[in-house]
Amino acid sequence: MSLISQNALQKRRMEKFGGDDDTYEGIGSPIDLGAEVGEGAKQNEEAEEMTQLESSLFGAIYTPLEFGTEFGAAVLARDQDGPLFFMDRSAGDGEDDLPIYEEDLGSEVDEDEMVNKGRKPAWVDDEEESTEVDILKVARLRKLRKEVDERVISGKEYEARLRGHHTKLNSFTVWADMDRKVILSGVSDDEFDEDGGVDNILQNNDELVVKGTRKLLPGMLDFSRLVDANVQEPSSGPINSVQFHRNGQLMLAAGLDKHLRFFQIDGKRNPKIQSIFIADCPVHKVSFLPDGSEVILSGRRKFFYSFDLVKAAVSKIGPLTGREEKSLENFEISPDSRTIAFAGNEGYILLISSKTKQLIGTLKMNGNVRSLAFADGGNQLLSSGGDGHVYHWDLRTRKCMHKATDEGSLTGLSLCTSWDSSYFAAGSSSGIVNVYKRDEILGGKRKPLKTIVNLTTEIGQMKFNHDAQILAISSGKERNGLRLVHVPSFTVFQNWPGPWFSLQYPRCLDFSPGSGFLSIGHAGGKVLLYKLHHYQNA
């Protein structure tokens, strides 16, 4: 070993242990090492140190010389790519004596950096650079132009523009980007480490699964038309009632052809599961019990039917004891599945137990009853009718707790409440829909939050979706007479239903439990099915 190599090795060992000659000998001099590990280990260590020192002074034979490499860089280069620059701290007092700047490394290193930072492609087309595409000649490619007179672009530029156009049209595919970082709300940037994780994720009791809090924006609604829900067996008469089961996959449809049909909704085939023929009752309304165990079916008859989904048995109930109603076509079921409220004669509301199917009480309002809606989990009932008033009933005391005039209404035809009972909407014979805050009305306020006048014929059915961001209002007397209202702004979505889709004369509608689907039954016997892309679950 040369004197230069010995002095350099001695200096590096002293610098490594941070002591003087005495301290160095006490810690681990060459003599001490030989005594501890033997002569063979000593020679191996010296040979390794020598190889590393020669590599730092004269370069390595394994890799070409690169400007900015440092002690040990040649050995590491066999296993992984080196950094763009390295601060030499092998000499001096540890300060950066000779900084190497990034721009001095050349364009080749920049290209290597881009490859290392991004995900390497699985396949590269060598002909992209030589390929030329005429985007002016093909009509469907003209949308890729950045300038009016642009004509020929390279294959690589063509690929980049196609990707950009796809991203603009399909903004819901960001989940497929494996390199994206999801920033949690309420977490600062310094709480994220270099791998994208949260350092203190176990130091608090925050929820690990962040629930979706996206708000639906007004103006334009992102939706698409799917295969008709009853495509496998359309009705031969008008559809009067559609409803989704609580599981979001089963849907029923019924109408004047006396058939009750069940379909499994997948948006592609929508296969029919079962069909039931009711010989003596053209169906005007049918509804699942909220617990999903039973179906109630009624028409313009003094009786109604119950279909048990578990036992697959149909039961005929009625006429009701002590009542002379000739029609039980209008009813509502409480959210707790305990009570069924029927609109009776001369302003009477009939309360039926869903368990025993027996009359358990009656309520009396002024004028005839035209619409019903439950609130407060089934403890309260709203009703409206011929006198233009909205009644609030407490079903625990069977008394009217509030009565208010529906502004601008002569005859109330439709009522609906939001899932949390905070809002309710009242539709009238003139096509006007008033939206109220229920607490404000009970507190004495008379004015509605918003009056919607987008329809000019009598309101048929209305429905809030599950998070009360959309209110659907319909009129069966007007072609395409269905509007979707953005509740936070109380504006109608401008692109619904669009110039290419016809709703004909809508008679009924329903949202799926997660608002992913919207079904609309019309007078032509079909049930239209739409996908609302804002909502990910059916």
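Everything that follows concerns the structure shown earlier in this document.
Residues numbered from 1 in each chain as written. Predicted model: local features only at pLDDT ≥ 70, side-chain atom pairs only at ≥ 80, totals over all residues. Heavy atoms only, no water.

### Regarding the overall build of the protein chain
Reasoning step 1: If you tally the helices and strands in the protein chain, you get seven helices and 30 strands.
Reasoning step 2: Every one of the 538 residues in the protein chain was classed for burial, and the buried ones make up 38%.
Reasoning step 3: Considering only residue pairs separated by 6 or more positions, the protein chain has 44% of its internal contacts joining residues 24 or more positions apart.
Reasoning step 4: Total accessible area computed for the protein chain in this model is approximately 31200 Å², and 51% of it derives from carbon and sulfur atoms. (Helix = DSSP H or I, 4+ residues; strand = E, 2+ residues; numbered from the N terminus. Buried < 20%, exposed > 50% of the residue type's maximum accessible area, 1.4 Å probe, protein only. Contact = heavy atoms within 4.5 Å. Areas by Shrake-Rupley, 256 points an atom, 1.4 Å probe, with all protein chains shown as cover.)

### Brief notes about helix α6 (residues 155–169)
Reasoning step 1: In this model α6 runs 21 Å from its N-terminal to its C-terminal C-alpha over 15 residues, within 8% of the 21 Å that 1.5 Å per residue would give.
Reasoning step 2: Check the buried side of α6 and you find it contacts β2 (152–154). (Expected span 1.5 Å × (residues − 1).)

### Some thoughts on the side chain of Asp394
Reasoning step 1: In this fold, Asp394 is placed in strand β18 (residues 389–394).
Reasoning step 2: A polar atom in the side chain of Asp394 sits 3.0 Å from the backbone nitrogen of Arg396.
Reasoning step 3: Asp394 has contacts with Asn379, Lys399 and Met401, leaving out every residue within four places of it along the chain. (Polar contact = N/O pair within 3.5 Å; in protein donor to acceptor, adjacent residues only side chain to side chain.)

### Regarding the nonpolar core
Reasoning step 1: Core analysis: the largest hydrophobic core is formed by 18 residues, its most contacted members being Ile470, Leu484, Trp496, Ile520 and Tyr530.
Reasoning step 2: Looking at this core, the elements that each hand over two or more residues are β25 (470–474), β26 (482–486), β28 (506–511), β29 (517–522) and β30 (527–532).
Reasoning step 3: Take this core: its biggest share by element is three residues, from β30.
Reasoning step 4: When neighbours within four sequence positions are excluded, Ile470 is seen to be in contact with Leu216, Lys463, Phe464, Asn465, Leu484, Val485, Val487, Phe493, Phe511, Leu532 and Tyr535. (Core = buried A, V, L, I, M, F, W, Y, C linked by side-chain atoms within 4.5 Å.)

### Details of the side chain of Asp406
Reasoning step 1: Position of Asp406 relative to the elements: it lies in the loop between β19 (399–405) and β20 (412–417).
Reasoning step 2: No salt bridge is formed by the buried Asp406; its nearest oppositely charged neighbour, Arg446, is found at 11 Å.
Reasoning step 3: Engagement of the side chain of Asp406 in a polar contact is seen with the side chain of Asn434, the distance being 2.8 Å.
Reasoning step 4: Within polar-contact distance, the side chain of Asp406 engages the side chain of Tyr436 at 2.7 Å.
Reasoning step 5: Dropping the residues within four chain positions of it, Asp406 is found in contact with Gly388, His389, Val390, Ala426, Asn434 and Tyr436. (Lys, Arg positive; Asp, Glu negative; His and termini not counted. Salt bridge = Lys/Arg side-chain N within 4 Å of Asp/Glu carboxyl O.)

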